[in-house]
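Observations on the three-dimensional arrangement
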Amino acid sequence: MSLISLLADAAQAVPGTPAHQPIYWVNLGLRKGIDLGFFTLRYYSLAYLAGIMLGYWHLTRMIKGAGAPLAQRHADDLFFYCTIGIILGGRLGYATFYTGGDTGIPSLWADPKALMSLWNGGMSFHGGLIGVLLAMAWVSWRGKLNLIRVADYISVCVPFGMMFGRLANFVNGELWGRVVTNPDLPWAMVFPDGGPLPRHPSQLYEAGLEGLAMMIIMLTLYWKTRARFRPGLMVGVFTTGIAAARFTVEFFREPDAQLREFAEHTGLSMGQWLTIPLIVLGLMLIARALMRPALASGRPVAA
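Residues numbered from 1 in each chain as written. Predicted model: local features only at pLDDT ≥ 70, side-chain atom pairs only at ≥ 80, totals over all residues. Heavy atoms only, no water.

As for the overall build of the protein chain
Along the protein chain, the regular secondary structure elements total 10 helices and 4 strands. Start at the N end of the protein chain and walk to the C end: the helices and strands fall as α-β-β-β-α-α-α-α-α-β-α-α-α-α. Accessible area for the protein chain stands at about 16100 Å²; split by element, carbon and sulfur atoms hold 69% of it. (Helix = DSSP H or I, 4+ residues; strand = E, 2+ residues; numbered from the N terminus. Areas by Shrake-Rupley, 256 points an atom, 1.4 Å probe, with all protein chains shown as cover.)

Some points on the side chain of T275
Of note, T275 is situated in helix α10 (residues 270-291). The class of T275 is buried, set by a relative accessible area of 0%. Each residue touching T275, except ones within four places of it in the same chain, is listed here: H126, A243, R246 and F247. (Buried < 20%, exposed > 50% of the residue type's maximum accessible area, 1.4 Å probe, protein only. Contact = heavy atoms within 4.5 Å.)

A look at a nonpolar patch on the surface
Taken together, the side chains of I34, L36, F38, F39 and Y43 present a nonpolar region at the surface, about 520 Å² in accessible area. Assignment of secondary structure puts F39 in the loop between β2 (33-35) and β3 (40-42). (Patch = residues over 30% accessible without salt bridge, like charges linked within 9 Å, V, L, I, M, F, W, Y side chains within 5 Å. Salt bridge = Lys/Arg side-chain N within 4 Å of Asp/Glu carboxyl O.)

Description of the packing of aromatic side chains
We describe a pair of aromatic rings using the distance from one ring centre to the other and the angle between the two ring planes. As enumerated under the stated definition, the model contains 9 aromatic pairs in all. Ring geometry for F80 versus Y81: centroids 5.0 Å apart, planes at 75°, classification edge-to-face. F80 gets classed as partly exposed once you look at its relative accessible area, which sits at 47%. For Y81, a relative accessible area of 25% puts it in the partly exposed group. (Phe/Tyr/Trp six-rings, centres within 6.5 Å; stacked < 30°, edge-to-face > 60°.)

Considering the environment of G208
Summarising the element assignment, G208 is placed in helix α7 (residues 202-224). For G208 and R166, which are 42 residues apart along the polypeptide, the C-alpha to C-alpha distance reads 8.9 Å.

Considerations on helix α2 (residues 43-62)
Between its first and last C-alpha, α2 extends 28 Å over 20 residues, near the 28 Å set by a 1.5 Å rise per residue. Among the residues of α2, A47, G51, I52, G55, H58, L59, T60 and M62 are the ones counted as buried. (Expected span 1.5 Å × (residues − 1).)

Re the environment of T181
Residue placement: T181 occurs in the loop between α6 (147-172) and β4 (189-190). Judged by its relative accessible area of 79%, T181 is exposed.

Focus on the state of the cysteines
Tallied over the entire structure, the rule returns 0 disulfides. C82 takes part in no disulfide bond, and the closest cysteine sulfur, belonging to C157, lies 9.8 Å away. Residue C82 is classed as buried on the basis of its relative accessible area of 9%. A relative accessible area of 7% places C157 in the buried class. (Disulfide = S-S within 2.5 Å.)

Remarks on the side chain of R246
Structurally, R246 is set in helix α8 (residues 233-249). Residue classification places R246 among the buried residues on the basis of a relative accessible area of 3%. Among the polar contacts made by the side chain of R246, one reaches the side chain of E250 at a distance of 2.7 Å. (Polar contact = N/O pair within 3.5 Å; in protein donor to acceptor, adjacent residues only side chain to side chain.)

So, the nonpolar core
Within the largest apolar cluster, 41 residues are counted, with the highest numbers of intra-cluster contacts made by L59, L78, M136, Y153 and M218. Within the residue set of this core, elements represented by two or more residues are α2, α3 (72-97), α5 (125-143), α6, α7, α8 and α10. Considering each element in turn, this core owes the most residues, 9 residues, to α6. In this structure, W25, F170, W176 and M189 belong to the second largest nonpolar core, which totals 5 residues. (Core = buried A, V, L, I, M, F, W, Y, C linked by side-chain atoms within 4.5 Å.)

Let's talk about the packing of α5 against α6
One can describe the packing of α5 onto α6 by two numbers: an axis separation of 11 Å at closest approach and a directional angle of 145°. Regarding α5 and α6, the two cross each other, and that crossing is right-handed. Mapping the contact onto sequence places F125, V132, M136, A137 and S140 in α5 and L147, V150, A151, I154, M162 and R166 in α6. Taken together, the residues that form the contact of α5 with α6 break down as 9 nonpolar, 1 polar and 1 charged. (Axes fitted to C-alpha atoms, helices over the stretch in contact; angles between N-to-C directions. Left-handed = near helix turned anticlockwise from the far one by under 90°. Nonpolar A, V, L, I, M, F, W, Y, C, P; charged D, E, K, R; others polar.)

Everything listed is a geometric property; what it means functionally is a separate question.
And the structure:
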């Protein structure tokens, strides 16, 4: 037996010695964007665009079915206003919830130039959600549509963007997870700005739970069941599922530096505190939908 083999066996026999070497993000050959010479096209921007475009395409397919609560013109309006809501809501939500630390004063609001520098990152899921809700409320009010049913249809399309966005976080090497407690975790990863210790690739956990898992659940609900005819059921399942997924992943995700003390003092991260009301709301929507009789198939909204 070679000396190298003996040393390897001895290392594995020593308690606390990791059996797996961590994965180094820098060795994956990832880039944050496409260098066009005069401009770098960020993958994060492409992820937003891909999620919005795929969601719009799927919505146009959904509204062709029986009982659709909106027409193509409403889908076009939603595409425009929800895009604005995602960008502005996400940025303003980040400035409100995730800056200022324990001071209670959102520091980013004091610097309007930095606030509007979207290319420097910092987007909040909860802020984007509020922006989308306001966009749906505006389009529904103007088009005399049932807001809950519009939300049902939009909720099916949101996981596309969630998955692409979290994958882009991973490609950017940002929003990494906590230091692993199990040294043998085979997918533990060392990120460039996360220090020398291996961490959870929590971006991939989020892409799997908030994105892929919710995508499967919502697409199955819409295409394989009659959930669309129970107003509030699909948006209730989405709200509960996405919030529960976020709450779970936050146990593995490193808190924002400026909110680390907040998480230590309260026992939960800011992201977890913000998801608790969403879980309650989602469960209420599900209960309400199941207690009421289902709608007839109806007719599509006139184009």
